[in-house]
Amino acid sequence: MQHTSLDPSPTAFPSIDDRERYSRQILFPGIGEEGQRRLREAHVGIVGCGATGAAAASLLARAGVGTLTLIDRDFVEPSNLQRQVLFDESDALEALPKAEAARRKIAQFNSGVQVRSHVSDLVPENIAALLGDAPLILDATDNFETRYLINDFAVEQGRPWIYAAAIGAYAATMNILPRPASGADAAWEPTACLACLFPKPPSGPVETCDTSGILSTAVNLAASLQVTETLKFLTGQPERMRRSLISFDLWTSERSEIGAAKPRTGCTVCGQRSFTHLEGADRPHITLCGRNSVQIHEHHRPVDFAAMRDRLTPHGQVRFNNLLLRFERAPHTLTLFADGRAIIQGTTDVTVARSLYARFIGN
Ligand SMILES: [Zn+2]
């Protein structure tokens, strides 16, 4: 059959011209042609691909940042759809890992961005490998344990990172520009690090979006502030970056700012260079995810999903793809990742979760 010019053949859709795609951003004086070229060469590591991480990844990919490394340990659930902008209903129904769902979605709106997705829990043993050579790290995690780990790694390496948090209607963020590890002159004046302001992680119960709720607007504000600072850094304008911890409550319109322009004398991390979180001291093997679930990552071994399905089928309902296996046995759902890590839903009792893991997955 003859093709006419109206046929929707693949060649009818030429690739999108970058000059046109980024034209409005190039018009902005803070970016310009040179800034846009720098963004294409840039690489940003994002730790966490939940609400804040998905919003930040979407903004950076649309802005034309050439390479993104996305690290996330979790999978998409229906309760994420209210605020996690890169995921849709089919991702939640499939329980697709967030890092992979984000990679697929970004490819649909900017195929020029290289996305390295890691379905993994960021821990001291893998932080250097997973973040690779990303010169800037964005915090989009939901827990202080990981933030202090990022702070140790970033200060040790002399790499900038940007803290961001959102809970309820509240959003907070802070730029951390450490001294270069080599002792060479930095392109920036060093700021305070996370431990300069807060020497110890908060103790006792911490509010999470699973206990206190969250507005998607708070997430998007945190991500917008974080990504704007990222654009300043990537276009070679670190002197324009804010040097304070800033927070907003969108519901009450309260705003606060704490100066963080200089490192605190005597800070154990950036002053004494003691990196206890990076060394993994006292790190628990089991992490509570905040919702009605427990994560177990004691066994760092690859899993054969087909063999595991055969083993689990007599005991409950099993589904798997190449990224994860879901085993449902009321009232619990066990989600097993390829590295042997599991999230057990339906309990907050670590002993129950451990015993389910030992019984069904083994040691
Ligand atoms: Zn410090």
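Anyway, here's the lowdown on the structure attached to this text.

Criteria and cut-off values
- Residues numbered from 1 in each chain as written.
- Predicted model: local features only at pLDDT ≥ 70, side-chain atom pairs only at ≥ 80, totals over all residues.
- Heavy atoms only, no water.
- Helix = DSSP H or I, 4+ residues; strand = E, 2+ residues; numbered from the N terminus.
- Buried < 20%, exposed > 50% of the residue type's maximum accessible area, 1.4 Å probe, protein only.
- Contact = heavy atoms within 4.5 Å.
- Areas by Shrake-Rupley, 256 points an atom, 1.4 Å probe, with all protein chains shown as cover.
- Donors = N, O, S within 2.8 Å, 3.2 Å for Na, K, Ca; no water.
- Tetrahedral: all angles 85-135°; square planar, octahedral: opposite > 155°, others 65-115°.
- 1 Å grid on protein atoms, 1.4 Å probe; cavity = no way out; pocket = protein on both sides within 12 Å on 5 of 7 lines; lining within 4 Å.
- Points joined across faces, edges and corners; volume = space filled by probe spheres on them.
- Nonpolar A, V, L, I, M, F, W, Y, C, P; charged D, E, K, R; others polar.
- Pairing = 2+ DSSP bridges.
- Axes fitted to C-alpha atoms, helices over the stretch in contact; angles between N-to-C directions.
- Parallel < 35°, antiparallel > 145°, perpendicular 65-115°, else oblique.
- Left-handed = near helix turned anticlockwise from the far one by under 90°.
- Core = buried A, V, L, I, M, F, W, Y, C linked by side-chain atoms within 4.5 Å.

As a further point, take the overall build of the protein chain. When helices and strands are counted, the protein chain shows 13 helices and 14 strands. Buried residues in the protein chain amount to 51% of all 363 residues. In the protein chain, once contacts between residues fewer than 6 apart in sequence are set aside, the share between residues at least 24 apart is 64%. Carbon and sulfur atoms make up 53% of the accessible area of the protein chain, which amounts to about 17,700 Å² in all.

At 2.2 to 2.3 Å from the zinc ion lie its protein donor atoms, namely Cys193 (SG), Cys196 (SG), Cys267 (SG) and Cys270 (SG). Taken together, the four donor atoms coordinating the zinc ion and their angles of 97 to 119° define a geometry best described as tetrahedral. Counting residues between consecutive donors of the zinc ion along the chain gives the motif C-x2-C-x70-C-x2-C. With a gap of 71 residues between them, Cys196 in helix H9 (residues 194-197) and Cys267 in the loop between strand E8 (254-259) and strand E9 (286-288) connect regions that are remote in the sequence. The two residues Cys196 and Cys267 agree in class, both being buried.

Further remarks concern the layout of surface pockets. The calculated volume of the second largest pocket comes to roughly 360 Å³. Along the wall of the second largest pocket there are 20 residues; nearest its centre are Asp18, Arg19, Arg21, Tyr22 and Arg40. A total of four residues in the lining of the second largest pocket trace back to one element, the largest contributor, which is helix H3 (residues 32-41). For the lining of the second largest pocket, the class distribution of residues is six nonpolar, eight polar and six charged.

This part is about the pairing of strand E1 (residues 43-47). Of all five residues in E1, five are buried; the element is thus mostly enclosed. Going residue by residue along E1, you find His43, Gly45 and Val47 tucked away on one face and Val44 and Ile46 tucked away on the opposite face as well. Pairing of E1 with strand E2 (residues 67-72) involves five bridges; the strand directions are parallel. Within the sheet, the bridge partner assigned to His43 lies in E2 and is Thr67.

Moving on, we get to the packing of helix H4 (residues 51-63) against helix H11 (residues 216-234). Their axes nearest at 9 Å, the elements H4 and H11 cross at an angle of 45°. Considering their axes alone, H4 and H11 lie oblique with respect to each other. In this structure, H4 meets H11 at a crossing whose hand is right-handed. Residues Ala51, Thr52, Ala55, Ala56, Leu59, Leu60 and Ala63 of H4 form the contact with H11, whose participating residues are Val219, Asn220, Ala223, Ser224, Gln226, Val227, Thr230 and Leu231. Grouping the amino acids of the contact of H4 with H11 by side-chain chemistry returns ten nonpolar, five polar and no charged.

This part covers the nonpolar core. Val44, Ile46, Leu60, Leu68, Leu70 and Ile106 are the most contacted members of the largest nonpolar core, which totals 38 residues. Counting only elements with at least two residues in this core, the list comes to E1, H4, E2, helix H6 (98-109), strand E4 (136-139) and H11. Here this core gets six residues from one element, more than from any other, and that element is H4. Discounting residues that sit within four places of it in the chain, Leu68 has contacts with His43, Val44, Ala57, Leu60, Ala61, Ile106, Val113, Gln114, Val115 and Arg116. One finds Ile150, Ala154, Ala192 and Ala260 within the second-largest nonpolar core, a separate group that totals 31 residues.

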